[in-house]
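Chain residues, written in single-letter form:
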Amino acid sequence: MIRVLGIETSCDETAASVVTLDGASAPVIASNIVLSQIEEHAAFGGVVPEIAARAHVEALDGIVEAALADSGVALADIDAIAATAGPGLVGGLIVGLMTAKAIAAAAGKPLIAINHLEGHALTARLTDGLDFPYLLLLVSGGHTQIVAVRGVGDYQRWATTIDDALGEAFDKTAKMLGLPYPGGPNVERAAASGDATRFAFPRPMKGSAQPDFSFSGLKTAVRQAATAIQPLSEQDVADICASFQAAVADALADRVGRALARFHQEFPDKANPALVVAGGVAANSTIKVTLQKLCAEAGFAFVAPPLKLCTDNAAMIAWAGIERLRAGMAEENGFDFVPRSRWPLDSISAPMIGSGRRGAKA
Ligand code: KG4
Ligand code: ZN
């Protein structure tokens, strides 16, 4: 039996979780506590790093205690402490990693520093028992990436955004239209009563041989449409949201379609290939339906873990700890590891020039 306590503090969620695995059965999420700071940041229309760091300091001890209590596992019986050490907001990372080190040192347990993106990448193995290799589409407030997940610690980034992250594009669109933060769900709600054909917004990168994403041109087109019709009626807002969402879905389908084809080429022997989605934007139904259709056409299974495990949480960090323990890779990033605000999943990818500059969420 392996039992790992996970801690996540890389952005605006303070989270702790205990995940257990006994060789014979599926892993168990014994507890999964997530405290969102959305209300603390809402007035500012985005995450404020200093507020986030302070909120993590105030909440983390209690969240860890609650996660242990909820799980029914005593600290003495925990095999290792896994904590997010990057990428993300450095203040929060310091709080989480230092707390984890203190607990591990006091309890005499190993410490495993985890890459937050690895947590997202391995979640589908926790929830769906997926076999390597598979393809991951990570679409959140800070990242828009397609990653070939080939094994524990073996990731290849096939695409990233060259400017804004997709969640960021949703949030900025919402802000321009006077919709509250976080923008994604509000844009989706408004879009439901809108005409997706009213505005012919650009489909960034569509048809380009380059694999990456881009959303800043789309954002500019939205701004131009919105300023051209001031004051905006509720219907105008709905139509802009629906047209924006349609453009995003279309652009995503083009980009992801290319990656599915590449996957078939690189792993021709892989039976039942799968596309996994992660990140808050994966909650969007229009996007989900588009990707489902694309996967069905390309012979891929479409795997969307429960939203609570798609967005930031500590169960994915505890699970990544278990994967590393099992693979004999727990000692690679131990007590000496210092937080890294930037930490690409694969060392060979070019440095991120777009998303990630914000240094925020993953
Ligand atoms: O994964 P997440 O909860 O946090 C991180 O970024 O790590 O993702 C949050 C992002 C925000 O940008 C939010 O606007 C977006 O996900 N989002 C959505 C929806 N729900 C959340 N975007 C589009 N449609 C949604 N329904
Ligand atoms: Zn994340």
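Relevant structure appears above.
Presented here is an overview of the structure given in this document. (Residues numbered from 1 in each chain as written. Chains lettered and ligands numbered in written order. Predicted model: local features only at pLDDT ≥ 70, side-chain atom pairs only at ≥ 80, totals over all residues. Heavy atoms only, no water.)

## Comments concerning the packing of helix α7 (residues 216–228) against helix α8 (residues 234–266)
In plain terms, the rule: Structural elements are reduced to axes, namely lines fitted to C-alpha atoms, with helices fitted over the stretch in contact, and the angle between N-to-C directions of any two is expressed from 0 to 180 degrees. Helix numbering and strand numbering both begin at the N terminus, where a helix is a DSSP run of H or I of at least 4 residues and a strand a DSSP run of E of at least 2. Each angle is binned into one of four classes, with values under 35 degrees roughly parallel, values over 145 roughly antiparallel, values of 65 to 115 roughly perpendicular, and all other values oblique. Rotating anticlockwise by less than a right angle from the far helix to the near helix defines a left-handed crossing, while the corresponding clockwise rotation defines a right-handed one. Contact between two residues is taken to exist if any of their heavy atoms lie within 4.5 Å; hydrogens are not considered.
Packing of α7 against α8 leaves a shortest axis separation of 11 Å and a crossing angle of 160°. Classified by the angle between their axes, α7 and α8 sit roughly antiparallel to one another. By crossing handedness, the relation of α7 to α8 is classed as right-handed. Contact residues: L218, V222, A225 and A226 in α7; I240, F244, A247 and V248 in α8.

## Here we look at the nonpolar core
So the rule is basically this: Note on terminology: a nonpolar core comprises buried Ala, Val, Leu, Ile, Met, Phe, Trp, Tyr and Cys residues joined through side-chain atoms within 4.5 Å. Exposed residues in this analysis have more than 50% of their type's maximum accessible area, buried residues have under 20%, and partly exposed residues fall in between, with area computed by a 1.4 Å probe over protein chains only.
Judged by nonpolar contacts, the single largest core of 48 residues is most densely connected at L135, L137, I146, L166, F201, F244 and L275. The greatest single-element share of this core, amounting to 13 residues, is contributed by α8. If we ignore the near neighbours within four places in the chain, the residues touching F201 are L218, A221, V222, A225, I240, S243, F244 and A247. In this structure, L126, L130, A315 and A320 belong to the second largest nonpolar core, which totals 34 residues.

## So, the pattern of salt bridges
Definition in use: Counted as salt bridges are all cases of a side-chain nitrogen of Lys or Arg within 4 Å of a carboxyl oxygen of Asp or Glu.
Tallied over the entire structure, the rule returns 16 salt bridges. Across the pair R125 and E323 runs a salt bridge whose closest N-O atoms are separated by 2.6 Å. One end of the pair, R125, is in helix α4 (residues 116–128); the other, E323, is in helix α11 (residues 315–326), and 198 residues separate them in sequence. Both residues of the pair, R125 and E323, count as buried. Where R258 meets D254, a salt bridge forms, and the shortest distance between an N and an O atom there is 3.9 Å. Here the residue R258 and the residue D254 both occupy positions in helix α8, the gap between them amounting to 4 residues, near one helical turn. With a relative accessible area of 33%, R258 lands in the partly exposed category. You can call D254 buried: its relative accessible area is 17%. Beyond isolated ion pairs, a larger network of salt bridges with shared partners links D164, E168, K172 and K219.

## Here we look at the sheet that holds strand β9 (residues 274–278)
For clarity, the threshold we go by: Two strands qualify as a pair provided that DSSP identifies no fewer than 2 bridges between them.
The strand order across the open sheet formed by 5 strands is β8-β7-β6-β9-β10, and the pairing between neighbours is mixed. Each edge of the sheet is formed by a strand with only one pairing partner; in this case those strands are β8 (154–160) and β10 (301–303). Taken pair by pair, the neighbouring strands of this sheet meet at an average axis angle of 25°, ignoring direction. Across 6 bridges, the pairing between strand β7 (residues 144–151) and β8 is antiparallel. Residue pairing across strands places Q145 opposite T160, the latter belonging to β8.

## What about the pairing of strand β5 (residues 111–115)?
It is a general feature of regular strands that their side chains alternate between the two faces of the sheet. A large share of β5 lies buried, amounting to 5 of its 5 residues. Here β5 shows a buried face lined by L111, A113 and N115 and a second buried face lined by I112 and I114. Judged from the 5 bridges that link them, strand β4 (residues 80–86) and β5 form a sheet pairing that is parallel. Paired with A83 across the bridge in β5 is A113.

All we've got here are geometric facts, nothing functional implied.
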